[in-house]
Amino acid sequence: MQTLKRTVLFILLTAAVAAAGMFFAPGFLAYSTNYTKADAVVILLGPVFSDRERHALDLIEKGMADYLIIPAYHKTLRLDQRTLKPVPDNPDKKEINSKSKPVMPEYYEDTHIELIEAKKTMKRQGLKSAIFVSSPYHMRRIQIMVNKEFDLPSEYYFSPTPFEKAPLKAWELQASDWKKVRREYVKILWFLIYSPWTKGEASG
């Protein structure tokens, strides 16, 4: 009888923990911070890039930064007389073109590679602070990777695009939303597994 009670209690506790995890899972991913004027806005790539780009351009228009960096495309723009103009960013065009990626281990997350490239770009341009823009569910992973790859403490801010639907209340999520949430947690776990063995990639 005592064993049965312990088993039931264990099942109930497990169910409670699982329920709590599901309840808080979406909100944990949608990490954001307040922000002030920074040197650059950095956009991370994703399925709905237009929503992210729209938010990034809004930030630039509001005077929050003078540089716009899209590391996945090796593209850097600078605000000049209220117009964003391309900035020569890669002196060796033979090594990297607009469609290629830095040579990194195959197990690296694409976002991790983008952030490494963003840091290199910021270093070349002498930029010290940035506002990172992406989808809401993408932000926690970005924050974890920035903490790993970038020099801290520094002025780094996180601003998810408000133009992409991303419910934060568990009962509002549809099956497609839960799929995104599960995928993000898998990617976070994978980064946490391999990241202790990485160092120095973003220093160049």
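Our next topic: the sheet that holds strand E2 (residues 67-70). Pairing is mixed in the open sheet, where 6 strands are placed in the order E4-E3-E2-E1-E5-E6. Only two strands of the sheet have a single partner each, and these edge strands are strand E4 (83-86) and strand E6 (155-158). The mean angle between the axes of side-by-side strands here comes to 25°, regardless of whether they run parallel or antiparallel. Bridge analysis of strand E3 (residues 75-80) against E4 gives 4 bridges, and the strand direction is antiparallel. By the bridge assignment, Arg 78 is partnered in E4 with Lys 85. Of the strands in this sheet, strand E1 (40-43), E2, E3, E4 and strand E5 (129-133) touch helix H2 (residues 49-61), which is tilted by about 175° from E1.

When the terminal C-alpha atoms of helix H5 (residues 175-194) are compared, their 29 Å separation across 20 residues agrees well with the 28 Å that a helix rising 1.5 Å per residue should span. Of the residues making up H5, those classed as buried are Asp 177, Trp 178, Val 181, Glu 184, Ile 188, Phe 191 and Tyr 194.

Here we come to the pattern of salt bridges. Within this structure, the stated rule accounts for 5 salt bridges. With its nearest N and O atoms 3.4 Å apart, the salt bridge here joins Lys 85 to Asp 80. Taking relative accessible area as the criterion, Lys 85 reaches 36% and is therefore assigned partly exposed. The class for Asp 80 is partly exposed, based on a relative accessible area of 31%. The structure contains a network of salt bridges with shared partners spanning Glu 109, Arg 141 and Glu 184.

Moving on, we get to helix H4 (residues 139-149). Of all 11 residues making up H4, 8 are buried, and the element is well covered by its neighbours. Turning to H4, its buried residues are Met 139, Arg 140, Arg 141, Ile 142, Gln 143, Met 145, Val 146 and Glu 149.

On to a positive patch on the surface, then. A contiguous patch of positive charge, built from Lys 165, Lys 179, Lys 180, Arg 182 and Arg 183, is present on the exposed surface. In this structure Lys 180 comes out as partly exposed when scored by relative accessible area, which is 31%.

A few words on the packing of aromatic side chains. On inspection of all chains with the given rule, the structure shows 12 aromatic pairs. With centroids separated by 6.0 Å and ring planes inclined at 65°, the aromatic side chains of Phe 49 and Tyr 73 adopt a geometry described as edge-to-face. Of the two residues, Phe 49 is situated in helix H2 and Tyr 73 in the loop between E2 and E3; the sequence distance between them amounts to 24 residues. The exposure class assigned to Tyr 73 is partly exposed, which follows from its relative accessible area of 38%. Considering the side-chain rings of Tyr 107 and Tyr 194, the 5.3 Å spacing of their centres and the 70° angle between planes classify their relative orientation as edge-to-face. Remark: Tyr 194 occurs in helix H5 and Tyr 107 occurs in the loop between E4 and helix H3 (110-125); sequence separation between them is 87 residues. Among the residues examined, Tyr 107 registers a relative accessible area of 38% and is labelled partly exposed.

The rules we used
- Residues numbered from 1 in each chain as written.
- Predicted model: local features only at pLDDT ≥ 70, side-chain atom pairs only at ≥ 80, totals over all residues.
- Heavy atoms only, no water.
- Pairing = 2+ DSSP bridges.
- Helix = DSSP H or I, 4+ residues; strand = E, 2+ residues; numbered from the N terminus.
- Axes fitted to C-alpha atoms, helices over the stretch in contact; angles between N-to-C directions.
- Contact = heavy atoms within 4.5 Å.
- Expected span 1.5 Å × (residues − 1).
- Buried < 20%, exposed > 50% of the residue type's maximum accessible area, 1.4 Å probe, protein only.
- Salt bridge = Lys/Arg side-chain N within 4 Å of Asp/Glu carboxyl O.
- Patch = residues over 30% accessible without salt bridge, like charges linked within 9 Å, V, L, I, M, F, W, Y side chains within 5 Å.
- Areas by Shrake-Rupley, 256 points an atom, 1.4 Å probe, with all protein chains shown as cover.
- Lys, Arg positive; Asp, Glu negative; His and termini not counted.
- Charge placed at Lys NZ, Arg CZ, Asp CG, Glu CD.
- Phe/Tyr/Trp six-rings, centres within 6.5 Å; stacked < 30°, edge-to-face > 60°.

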